[in-house]
Structures are given as C-alpha cells and as structure tokens.
Amino acid sequence: MRTFIETNGYLHLRGVFDPAAMDQISADMDNAAPTYRPDDGNSWWATLTDGSRRVVRMQHFDEHSPTAADLLAGTTFESLAAIPGCGHSSAWRSPNHVEALFKPLGVTEGISDIPWHKDCSLGRHSYQCCGLTVGISVTGAGPTSGQLRVIAGSHRALMWPSLLDPTPPDLPAVPLATQTGDVTLHLSCT
C-alpha cells in the first residue's frame, strides 16, 4: 500500500468501515443539514437546476455526529495515517476535524464538483502541501453520483489547476467508484 500511494499519490481501500456505522452517519448528515445556513461560515452551498439551494459541505460535522466523532478517535482511522510512512498523524488537525459532503446532481451554481485541482494549489500550499486527505464513503459513489477522480502520479509533476490550464495532463485519470464503508486516501498535491 505504501509503495502504491508513493507512486500514484492515491489509494482506494475497500470495506474499511462498517456499513451500519455509515448508515448512522448518513442519517446524522440528513439531520445536521437543516442546522447550517448559507452565511454561517461553516458550509458551502450550491444551486440546483430546479432553483433550490442545497448545502453541499458541512464543516465541524463531528459536532453533529457522535458516530463520526468515535470513528475519528478510533485506531482504524489513525492507522490510515501511517500507511504512507511519512509521519502523518491525526494528532495535528485544524479545529474543523471533519467535513461531510453531499454531491447532488444538477448543480448550476456553487462549488460542488470542483474541476481538476491539487488540494494544496488553491491558495493553501503553505498549509496543506504534503498533507493526506482521507475520504470515507458513507453511501458509495460512482460515475453518476460524485465519485472522486484522481490523476495518478500528479503529485510528482508540476501541474496548474484546470482553471488556469485546461489542457489534459499526460497522466492517467482514474475514477474511484466506492462502496459504502470504503476509504480513499490521496496526497494533497495529487
């Protein structure tokens, strides 16, 4: 696993977390959504084709979900940080421990499905470069439901965000279709 993530910048692990826990987190997400507001500074919003506004990213989600908080405090989650062997740890975290994301279809305005980018390239390089992002698939995701896509090996190449250079890179684009309870890891510069 370490060699794979070093080479490709990402890793997809199947069946890491219990689907029953994911069902509870999904319910917690639905219950938390109405507590967020567009101007609260803790959420991102999008407009859908029918004109409705939806929350798509909820920061500080662990405050709304004891199940998510327990998962973050568990040994399984901490062991994920050890895979790259670079000293990653969940001990250093921002006050925003976890964000819950919805990926609705038909977004016409707002940030939901972000174009190709490196997490550290959007003005956060000094803070997030060489970071490790852990994604937990609460409901599963595929080509029509907001799956993560990565450009394998891009962490080892100088690449501009697609907003500045829409030219496709000469590296493989890999869609990561997930099942409930799967985990994706990616280096922040992938």
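Heads up: these notes are all about the structure in this document. (Residues numbered from 1 in each chain as written. Predicted model: local features only at pLDDT ≥ 70, side-chain atom pairs only at ≥ 80, totals over all residues. Heavy atoms only, no water.)

Once that is clear, we can look at the nonpolar core. Of all hydrophobic cores here, the largest spans 27 residues; its most connected members are I25, M29, M58, F61, L80 and L185. Elements represented by at least two residues in this core include exactly β1 (10–13), α2 (19–32), β3 (53–58), α3 (66–73), α4 (75–82) and β9 (183–187). Other than its neighbours up to four places away in sequence, M29 contacts M58, F61, A100, L101, F102 and V138. If you look at the next biggest cluster of nonpolar residues, it comprises five residues, including Y10, A152, V174 and L176. (Core = buried A, V, L, I, M, F, W, Y, C linked by side-chain atoms within 4.5 Å. Buried < 20%, exposed > 50% of the residue type's maximum accessible area, 1.4 Å probe, protein only. Helix = DSSP H or I, 4+ residues; strand = E, 2+ residues; numbered from the N terminus. Contact = heavy atoms within 4.5 Å.)

Once that is clear, we can look at the pattern of salt bridges. Applying the stated criterion across every chain yields a total of two salt bridges. When the shortest N-O distance is used, the salt bridge between D182 and R14 registers 3.2 Å. Of this pair, D182 sits in the loop between β8 (173–176) and β9 while R14 sits in the loop between β1 and α2; the two residues are 168 residues apart in sequence, bridging distant segments of the chain. Classification of D182 by relative accessible area gives buried; the value is 2%. A relative accessible area of 56% places R14 in the exposed class. (Salt bridge = Lys/Arg side-chain N within 4 Å of Asp/Glu carboxyl O.)

Moving on, we come to α2. Within an α-helix, residues lying three or four positions from one another point in the same direction, as the helix has 3.6 residues per turn. Relative to the 20 Å expected for 14 residues at 1.5 Å per residue, α2 spans 20 Å between its end C-alpha atoms, a close match to the ideal helical length. Among the residues of α2, M22, I25, D28, M29 and A32 are the ones counted as buried. On an axial view of α2, the arc spanned by its buried residues comes to 115°, and they lie on one face. With respect to the buried face of α2, the exposed residues turned more than 90 degrees away are D23 and N31. Buried-residue contacts for α2 involve β3, α3, β4 (100–101) and β6 (132–136). (Expected span 1.5 Å × (residues − 1). Arc of directions from axis to C-beta.)

Just geometry here; none of it tells us what the structure is for.
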